[in-house]
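Inside the fold
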Amino acid sequence: MDPPLLYDCSLITGASGGLGEEFASQLAPHCRRLVLVARSEDELGLLRDRLQSENSDLQIKVVNADLTSAEAREELIATVKEGEWAPSLLVNNAGMGDYGEFVTGDWKKMEQMLSLNIIALTHLTHGLLPCMIQSGHGAVLNVSSLASLLPIPDFAVYAASKSYVTSFSEALRLELNEHEIPVLTVCPGPVHTGFGEIAGRDGSLEDSPAREWFFVSREEVVLEALLALQREQPRSYPGLKVSLVATALASMPPAILRYFMRNRPRAVPEQED
Ligand SMILES: NC(=O)c1ccc[n+]([C@@H]2O[C@H](COP(=O)([O-])OP(=O)(O)OC[C@H]3O[C@@H](n4cnc5c(N)ncnc54)[C@H](OP(=O)(O)O)[C@@H]3O)[C@@H](O)[C@H]2O)c1
């Protein structure tokens, strides 16, 4: 089923690969303009060429930006906040993770993750919402994670950063109710993308703590997210297994949750006494 959305202009962060590229592909037939944002110039160029050949009427702007840089974010906001490139749909998708115990983690990587997952998402939303409010229509889709629902040892900073995204998005949705600008929080479980390789650390027992049966395809994640956006749902957990797990987690007492998290396989072996 195709989501019959029509956005004048959609801006997608992290469009050079993974879920962001899939968002761009599925949104392209339903938009007049697309703004594709990421650092990798070559990948964005290839994506632009493909989408252009498949959608001849579509106008595409590629923006190479490192969203952990405040100047790059300011420049992006200034470039698109007015005129025909002002987004009516903002897809805050760019994000990264870091598997492994907190204390031995690389601070620079953690800082980059906090800056991308939290500050960039908040800054772009803050910079681009006024043009949506002024034009009288728009929508925000924030990519969070199933990990936002619980504290996860060896994924502590990532899970906490996504808790921020989920909480922020839910509160913003209520604030924007009067302007009729829906905010959707998308909470995927594990998906095969470039995420695992970037999150992995040398020496960790496994790159991803998730089991293969639990993975959902990127096509399914994005399609379910766009259908949820169309229905103006507050949240989407794409994939049946993921949504069942989310329901179970939400109803679990904290003591039981702690027990399960304490006894789950660790990315780093525990020291023998
Ligand atoms: N894959 C999963 O299992 C999973 C599960 C739940 C939630 N998520 C969330 O889904 C979102 C997309 O992740 P993904 O799985 O598609 O991962 P991915 O394949 O690694 O894609 C990440 C995207 O973010 C961009 N990006 C990374 N650092 C950036 C920076 N400093 N500035 C601008 N763009 C940057 C990357 O492009 P460049 O490198 O070209 O900049 C890339 O386009 C993330 O928010 C992630 O937390 C993923």
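Residue positions are given per chain, counting from 1 as you read along its sequence in written order. Reporting of local features is limited, given that this is a predicted model, to residues whose pLDDT is at least 70; pairs of side-chain atoms are given and counted only at 80 or more, and all residues count toward the totals for whole chains, interfaces and linings. Only heavy atoms go into the side-chain values, all of them from the structure, while hydrogens and water stay out.

1. Describing helix 5 (residues 156-175)
The following threshold applies: Working definition: helices are DSSP H or I runs of at least four residues, strands are E runs of at least two. Numbering for both runs from the N terminus. Helix span, expected: 1.5 Å multiplied by one less than the number of residues in the helix. Whether two residues are in contact is decided by their heavy atoms: any pair within 4.5 Å suffices.
Over its 20 residues, helix 5 runs 29 Å from end to end, which matches the ideal 28 Å to within 8%, given 1.5 Å per residue. Looking at the buried residues of helix 5, the elements they touch are helix 4 (107-135), strand 5 (139-143), strand 6 (183-186), helix 6 (195-199) and strand 7 (235-236).

2. Thoughts on the pairing of strand 2 (residues 31-38)
Applied cut-off: Type-normalised accessible area, obtained with a 1.4 Å probe on protein chains alone, sets the label of each residue: buried when under 20%, exposed when over 50%, and partly exposed for intermediate values. Being paired, for any two strands, means DSSP has found at least two bridges between them. A crossover gets the label right-handed when its path from the first strand over the helix to the second runs clockwise, viewed with the strands pointing away from the viewer.
Within strand 2, seven of the eight residues are buried, which leaves it mostly tucked inside the rest of the structure. Where strand 1 (residues 7-13) and strand 2 come together, six bridges link them in parallel fashion. Bridge pairing in strand 2 places Ile-12 opposite Leu-36. Sheet analysis places strand 2 next to strand 3 (residues 59-64), joined by six bridges and oriented parallel. Paired with Arg-33 across the bridge in strand 3 is Gln-59. Taking the sense of rotation as the criterion, the β-α-β connection linking strand 2, helix 2 (residues 41-54) and strand 3 turns out right-handed.

3. Thoughts on the sheet that holds strand 5
Note the following rule: Note on geometry: axes are lines fitted to C-alpha atoms, helical ones only across the stretch in contact, with angles between N-to-C directions running from 0 to 180 degrees.
Taken in spatial order, the seven strands make up an open sheet running 3-2-1-4-5-6-7, and their pairing is parallel. Each having just a single partner strand, strand 3 and strand 7 make up the two edges of the open sheet. As judged from the four bridges shared by strand 4 (residues 89-92) and strand 5, these two strands associate in the parallel manner. Its bridge partner being in strand 5, Val-91 is matched across the sheet by Leu-141. In the packing of helix 4 onto the sheet, the strands contacted are strand 1, strand 4 and strand 5, and the crossing angle to strand 4 comes to about 175°.

4. Describing the environment of Tyr-7
Tracing the sequence through the fold places Tyr-7 in strand 1. Separated by 131 residues in sequence, Tyr-7 and Gly-138 place their C-alpha atoms 8.3 Å apart. Tyr-7 has contacts with Leu-27, His-30, Cys-31, Arg-32, Ser-88, Leu-89, Ala-139 and Leu-229, leaving out every residue within four places of it along the chain.

5. So, the site of the ligand
Filter applied, for reference: Neighbouring residues are identified by heavy atoms, a residue being near a molecule or strand if any of them is within 4 Å of it. For this analysis, a polar contact is any N or O atom pair within 3.5 Å, provided that within protein one partner can donate a hydrogen and the other can accept it, and provided that sequence-adjacent residues contribute only side-chain to side-chain pairs. Surface accessibility in these figures is a Shrake-Rupley result with a 1.4 Å probe; residues are shielded only by whichever protein chains are displayed. As a working rule, the residues Ala, Val, Leu, Ile, Met, Phe, Trp, Tyr, Cys and Pro are called nonpolar, Asp, Glu, Lys and Arg charged, and the rest polar, with Gly in that last group.
Near the ligand lie 30 residues; those nearest to it are Arg-39, Ser-40, Asn-93, Tyr-158 and Thr-193. Residue Ser-40 places a side-chain N or O atom 2.4 Å away from an oxygen atom belonging to the ligand. Measuring from an oxygen atom of the ligand, one finds a backbone N or O atom of Phe-195 at 3.4 Å. The protein chains hide 93% of the 880 Å² of surface that the ligand would expose on its own. Elements supplying a minimum of two residues to the shell around the ligand: helix 1 (18-27), helix 5 and helix 6. Looking at the shell around the ligand residue by residue, the class counts come to 14 nonpolar, 13 polar and three charged.

6. A word on the pattern of salt bridges
Stated formally: The salt bridge definition used is simple: a Lys or Arg side-chain nitrogen within 4 Å of an Asp or Glu carboxyl oxygen.
Applying the stated rule across the entire model yields nine salt bridges. A salt bridge links Asp-49 to Arg-48, with the shortest nitrogen-to-oxygen separation between them at 3.4 Å. On the accessibility criterion, Asp-49 (45% relative accessible area) is partly exposed. Because the salt bridges share partners, they merge into one network encompassing Asp-8, Arg-32, Arg-33 and Glu-84.

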